[in-house]
Every structure is written in structure tokens, then in C-alpha cells.
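# A structural walkthrough
Residue strings, one per chain:
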Amino acid sequence: MIMHVITNFTASAGAETMLARLLHGSADEHIVVVSLIGVSDRNRNLADNPRVAYVSLAASSFAALPGAILRLARLIRKEHPDVILCWMYHAMIVGTIAAQMARPGAAVYWNIRQSLDDPASLTRSSRLAIAGARLLSSRPAGIIYNSARALELHRSYGYANRNMVVIPNGFELPRIDPTEATTARRIGIVGRFHPQKDHGTFFKAVAAVRKTHPQALFSAAGNGLSRDNRAVIDLMAEAGLPEHAIDLRGEISDMPSYYRSIDALVLSSRTEGFPNVIAEAMSYAKPIVTTDVGDAAAVTGNAGIAVPPRDPDALAGAIRSILDLSPSEYARYAHRARNRVESEYAITAIAAKYAAFLKR
């Protein structure tokens, strides 16, 4: 029996989506998911597995963590899991301490989903949790990283464990129509409004591209990316963009329709681990423009262009290159994108890697 401990299963980011995908394909008779903060209907529905029990500890602040540790220890003693897999830094700390208090003999593993390319872009709470987890990093039976860059940077930071492995994110391949030879015109970006995602650099790049490619259309999807968010409008104005220059879509429930609506995806992040949105867009045969953070460039491979982070001119140049592709060149990029996800990141193969590592 496996128990997953995750910081916040109400979020709709990469870690939560990956856990839901693993739950969806799991045939284990009994699985318990413990969220320090809460559990959303979105993630329950994405998992769609009646064998999963969900527990929320409602610990949304540091002051609530001691009580959460005690409640989790009691739950571990009750459930007697064989394996406890802790997702994200706060859950890693809470899960490790609770398991030691409960002493059930369960093997505790960590799942790290974040690179450390730019720690300044992270919240103070996350930076404190990263430092605290470093002190405990030799205790888990093993650590899973979702990118080679994340493993490298955490090891350099002082995470000490003899059993560390890289297992990338996995994806279910959508059915798509055969790629028609076309040119790119509609450019999209997906990700919550957060300093880590560096929408300011994206907005500046868009402002530059619009001067040379006025026919290009831009949209942005993600929590906080809406016209009622004054911070977004101000950041666009700072980049020299009028409000209508980018279609701000906010958080979207129907992501398949969004990926089908764009011709290429941009990622402008300052730091990442394994960015789900890149592989998701590639599964819909969309070329990529990304900053070279985490394993973003490695995931993209020959299906797009990688540029240095926090460089609007370089990002603008890469977007122009995609917009200038001939129909046959665009079709080649699209074909490479789909094939790369199919051969490297299919969820069935990734789930098997998880199972083999945890059983070891």
C-alpha cells in the first residue's frame, strides 16, 4: 500500500497533475493521498480512481505544520503504508518527521519537482522549506527528481542521498488530426502569473515581435492572467503593450482546446524542473520556444528553440524564427514534437519507472 503526501492537492500545477496521472493508471488496491492544505475536485476528477482515499490536513501556514505532523503520524500508524512518497518540499519535511514519529517501518521517498536555477524567484516559504529539507535529505530511502538539472543543482546545494534518480514527467497522448503544412501565427504561453514564470520577459518579447510581425496573435493562459489583475495590465504597459495586444485567458479548464488553438508555445521561465506545458504542447504537435532552465531545452530537443532566461531580445528572436518558418519547415517541427513525446514521455513507461524505483 502506498501513501502520497503532497503540499497542496488543490493546485493545478505540474506536480499535482503528474500525481493525478499516476493515480489514474494505478491498479493498487488501496492508495491514500494526504494533502497538507486541501484536495480539489479538479485533481480528484483527473485521477478518476475509486481506490484512492483523500485526506486534507488543512495546514496552510507554518504555524499549522506541527499539528499536521502529529495528525499525519497517527494516520501512518493507522494505515501502515509500505511506501510513503512525499511530493514537494513542505510535504517532504512533514512526511519524513511524521514517519519517524510513527515508526511503522515504511520506506519514505521524496519527489522533487523544482530546479534551483533562480531561487530568488521562489517564495520565502519555499526557500525556507528547501533549506530545511536539505538538513533531512540523507534520511529518505531515495529521491526522485523530474529533471537532471534539478538533481545536479540540489546536489550542489547540499542534498545528500545515495539513492537519487531522474524520472521525467509522463503524458497521455491525445488523438490529433494529421498535421497540415501551415505557418505559425498564433503564439501562446501557459503558466500561472508568478515571478518564476517571468511574464515580464514574455511581454517585452511580444512588444518587439509585434513591430516586425504585426500579423502575429498572442494569448496567455494561467491563474492570474486576466484583465481584472491590475499587476498583469501594469506589467504589459511597462513592456509597451496595449491591453488588447495579448488575449488574457486566465485559468482554463479545457486545456486540449487551448493547445489546439495555438501554433506554437512559449515558456519564459526563470527557473523550472520539468515543465509540463512544454511536453503537453508537443503532444499536440506544437513547436516550442523556451528559456534554457531546468530540463526545458532537453525536453524540447529538436522540436523548438531554447534561449537564455531573462533575455527579451533573444526570446523575441526565437519567436520570430518560428513565425518565419515555411509550411514544410513548420510541419517538420510539429512532427518532431509529437514523436518526441511519444517516444520519451508516454505515461505508461514513466509509471513503470516509478514502480520499479519504489519497489527497489
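Whatever comes next refers back to the structure up there.
Predicted model, so just to flag it, every value in this text is computed and none were measured.

Let's shift gears to the nonpolar core. Within the largest apolar cluster, 41 residues are counted, with the highest numbers of intra-cluster contacts made by Met3, Val5, Leu72, Ile84, Tyr89, Trp110 and Tyr159. When neighbours within four sequence positions are excluded, valine 5 is seen to be in contact with Val34, Leu36, Leu72, Ile84, Leu85, Cys86, Trp87 and Ala91. Ala207, Ala316, Leu325 and Tyr330 belong to the second largest nonpolar core, which has 36 residues in total.

Negative phi is the rule for most residues except glycine; trans is the rule for most peptide bonds. Of note in the backbone geometry, alanine 58 takes a positive phi value of approximately 50° without being a glycine. On the basis of relative accessibility, which here comes to 56%, the residue alanine 58 falls in the exposed class. Phi is positive for arginine 310, close to 60°, though the residue is something other than glycine. Tracing the chain through its elements places arginine 310 in the loop between strand 13 (304–307) and helix 12 (312–323).

Our focus in this paragraph is the pattern of salt bridges. Throughout the structure, instances matching the rule amount to eight salt bridges. Taking the shortest distance from any N to any O, the salt bridge between aspartate 118 and arginine 310 comes out at 3.6 Å. Here aspartate 118 is found in the loop between strand 5 (107–112) and helix 5 (124–136), whereas its partner arginine 310 is found in the loop between strand 13 and helix 12, with 192 residues between them in sequence. Classification of aspartate 118 as buried rests on a relative accessible area of 12%. The class for arginine 310 is exposed, based on a relative accessible area of 53%. Ionic contacts of the salt-bridge type, sharing partners, join the residues Asp117, Arg149 and Glu152 into one network.

The subject of this paragraph is the sheet that holds strand 6 (residues 142–145). Pairing is parallel in the open sheet, where seven strands are placed in the order 3-2-1-4-5-6-7. Looking at which strands have only one partner, the edges of the open sheet turn out to be strand 3 (52–56) and strand 7 (164–166). Recorded for the sheet is a direction-independent mean angle of 20° between the axes of neighbouring strands. In this structure, strand 2 (residues 31–35) lies alongside strand 3, joined through five bridges in parallel fashion. Following the sheet pairing, isoleucine 31 is matched in strand 3 by valine 52. On the sheet, helix 3 (residues 65–79) packs against strand 1 (2–6), strand 2, strand 3 and strand 4 (83–87) and is oriented at approximately 165° with respect to strand 1. Packing of helix 4 (residues 89–102) onto the sheet brings it into contact with strand 1, strand 4 and strand 5, and relative to strand 5 it is tilted by some 175°.

Our next topic: the sheet that holds strand 9 (residues 217–221). With parallel pairing, the six strands of this open sheet are ordered in space as 10-9-8-11-12-13. With partners counted over all chains shown, the strands left at the sheet margins are strand 10 (247–250) and strand 13, one partner each. Averaged over all neighbouring strand pairs, the angle between strand axes comes to 20°, with direction disregarded. As judged from the four bridges shared by strand 12 (residues 288–291) and strand 13, these two strands associate in the parallel manner. Residue threonine 291 lies in a different strand from strand 13, and its bridge partner there is valine 307. Across the face of the sheet, helix 10 (residues 276–283) comes into contact with strand 8 (186–190), strand 11 (264–267) and strand 12 while running at roughly 175° to strand 11.

A rise of 1.5 Å per residue sets the reference length of helix 12, with its twelve residues, at 16 Å; its end C-alpha atoms lie 16 Å apart and thus fit the reference within 8%. Listed in full, the buried residues belonging to helix 12 are Leu315, Ala316, Ala318, Ile319, Ile322 and Leu323. Relative to the axis of helix 12, the buried residues are bounded by an arc of 160° and lie together on one face. Residues of helix 12 that are buried make contact with strand 8, helix 7 (199–212), strand 9, strand 11, strand 12 and strand 13.

Parameters and conventions
- Each chain carries its own residue numbering, running from 1 in the direction its sequence is written.
- At least 70 in pLDDT is required for a residue's local features to be given in this predicted model, at least 80 for side-chain atom pairs to be given and counted, and no such filter applies to totals for whole chains, interfaces and linings, which use all residues.
- With hydrogens and water excluded, all non-hydrogen atoms of the structure serve as input to the side-chain values.
- What is meant by a nonpolar core is a set of buried Ala, Val, Leu, Ile, Met, Phe, Trp, Tyr and Cys residues, joined one to another through side-chain atoms within 4.5 Å.
- Classification of residues uses two cut-offs on accessible area relative to the type maximum, computed with a 1.4 Å probe and protein chains only: under 20% is buried, over 50% is exposed, and between them is partly exposed.
- Only heavy atoms matter for contacts: two residues are in contact if any of them lie within 4.5 Å across the pair.
- Counting from the N terminus, the helices are the DSSP runs of H or I reaching at least four residues and the strands are the DSSP runs of E reaching at least two.
- Every case where a carboxyl oxygen of Asp or Glu lies within 4 Å of a side-chain nitrogen of Lys or Arg is listed as a salt bridge.
- Pairing between strands requires that DSSP locate at least two bridges from one strand to the other.
- Axis geometry follows a simple rule: fit a line to the C-alpha atoms, using only the stretch in contact for helices, then measure angles between N-to-C directions, giving values from 0 to 180 degrees.
- In this scheme, a helix's expected span is set at 1.5 Å multiplied by one less than its residue total.
- What the arc measures is the spread of directions leading from the helix axis to the C-beta atoms.

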